[in-house]
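Overview (structure and organization)
Each chain is listed here by its residues.
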Amino acid sequence: MAESQGNDAQNGTPGGQYSGPRAIDPVQEHSHDDDPDFITRTRFLSGVAIAGGAVLSAAILVPIVGFAVTDAVKDPKAQWVDLGPVSNFPDGQTTSIAVSGTSPWSDARVFVRNRAGQIIALWNRCAHLGCPVEYFKGGDNYVCPCHGGAYDTLGLVVAGPPPRPLDRFNVKVVDGTGKSVGGVGTVHGSWSTAGISQSDHLLVGTPFSINSAQKAYRLHDPGEPVTGVLSNLYPF
Ligand code: FES
């Protein structure tokens, strides 16, 4: 009897038989604090999320920075280097000339292509890793001695590893007084030779890069593509 009363008191029904719901032990919540596998997974997933965010940020921000640099390259106060009279660059030919003076690109060699009434100034720096390319008059093309990169008469890639065409220089022509005979060429950096005198001087200025369609971009590093996903992620 005493034993029965004790059990009833424990169930909250002193003196009576309890038949209702009984309290049960709460379920212990499982803690991951001491689970090394869980911590490792959490850190891994966090790392993946952070890395993904960084890649997305780069894909968004790098083109924006690129546009800003493009504006800087178009700075009209860019330095011009005088290559001499237009007569140095006969119509129908491509003439190689070293750039000298105080230009930041004073070590460059320029291939001045004067064809069909337009002048284009190509930089001899290979777009792959920067080796100096050579011009071959017989094939009217450019070949890089380092890894076999080859470019056609316009500097467009025809073989080898270069990721883009040869870079170009802006060009303009000035008369005997130093006055520009029309301004910077706008067709792929070229200059129309219509109406200019053979005694006028040809000048080269800021270099820039192009894609295979000859669309102009800011100057890129050797090995750097100008379009595509890889161009956004360069140099990662
Ligand atoms: S540096 Fe010209 S092909 Fe590699």
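Residues numbered from 1 in each chain as written. Predicted model: local features only at pLDDT ≥ 70, side-chain atom pairs only at ≥ 80, totals over all residues.

1. Topic: the overall build of the protein
Put simply, the test is: Strands are runs of DSSP state E lasting at least 2 residues, helices are runs of H or I lasting at least 4, and numbering of each runs from the N terminus. Any residue with 12 or fewer other C-beta atoms within 10 Å of its own C-beta is exposed, any with 20 or more is buried, and the rest are partly exposed; the C-beta atoms used are placed from the backbone. Each residue is represented by a C-beta atom placed from its backbone, and any two residues with such atoms within 7 Å are regarded as in contact.
Counting its secondary structure elements, the protein contains three helices and twelve strands. In the protein, which comprises 236 residues, the share counted as buried stands at 25%. In the protein, 50% of the contacts between residues at least 6 apart in sequence involve partners at least 24 apart.

2. Remarks on the nonpolar core
The condition is simple: Think of a nonpolar core as buried Ala, Val, Leu, Ile, Met, Phe, Trp, Tyr and Cys residues chained together by C-beta atoms that fall within 7 Å.
With 27 residues, the main nonpolar core has Val110, Val112, Ala121, Leu202 and Val204 as its most contacted residues. Residue contributions to this core peak at five residues, all from strand β4 (residues 118-123). What alanine 121 contacts, discounting residues up to four positions off in sequence, is Val110, Val112, Arg168, Phe169, Val171 and Val204. Core analysis: the next-biggest nonpolar cluster, separate from the first, contains five residues, Phe208, Ile210, Leu219 and Val226 among them.

3. Regarding the environment of histidine 147
For histidine 147, the position within the fold is in the loop between β6 (141-143) and β7 (150-151). Distance in space between the C-alpha atoms of histidine 147 and glycine 160 is 7.0 Å, their sequence separation being 13 residues. When near neighbours in sequence (up to four residues on either side) are disregarded, histidine 147 contacts His128, Gly160 and Pro161.

4. Details of the sheet that holds strand β8 (residues 157-159)
For clarity, the threshold we go by: Here, strands pair whenever DSSP counts at least two bridges between them.
As summarised here, the arrangement of the four strands in space is β5-β6-β7-β8, forming an open sheet in which the pairing is antiparallel. Edge positions in the sheet fall to β5 (134-136) and β8, since each has one partner strand and no second. With two bridges connecting them, β6 and β7 associate as antiparallel partners. Across the sheet, residue valine 143 finds its bridge partner in β7, namely alanine 150.

5. Description of the confidence of the model for the protein
Keep this limit in mind: On a range of 0 to 100, pLDDT expresses the predictor's confidence in each residue.
Taken over all residues, the pLDDT of the protein has a mean of 73, while the share at 70 or more is 55%. Note that pLDDT drops below 50 for residues 1-16; the model gives that stretch eleven contacts with residues more than four away or on any other chain.

6. Things to note about the environment of lysine 179
Along the chain, lysine 179 turns up in the loop between β9 (168-174) and β10 (191-192). Given 9 C-beta atoms within 10 Å, lysine 179 falls into the exposed group. Residues lysine 179 and aspartate 200, spaced 21 residues apart in sequence, show a C-alpha to C-alpha distance of 9.7 Å.

7. Observations concerning the pairing of strand β3 (residues 109-115)
On a regular strand, each side chain points to the face opposite its neighbour's, so the side chains alternate between the two faces of the sheet. Most of β3 is tucked away, with five of its seven residues classed as buried. As defined by bridge partners, strand β2 (residues 93-98) adjoins β3 across six bridges and the pair is classed as antiparallel. In the sheet register, threonine 94 faces β3, and the bridge partner there is arginine 113. With antiparallel pairing between neighbouring strands as the criterion, β3 and β4 make up a hairpin whose turn holds two residues, including alanine 116 at a positive phi of roughly 50°.

8. Some words on the pairing of β4
Burial runs high along β4: five of the six residues are buried. Bridging between β3 and β4 involves six bridges; their strand directions are antiparallel. Across the sheet, asparagine 114 pairs through a bridge with isoleucine 119, a residue of β4. As paired strands, β4 and β9 are joined by two bridges and run antiparallel to one another. Of the residues in β9, the one forming a bridge with leucine 122 is arginine 168.

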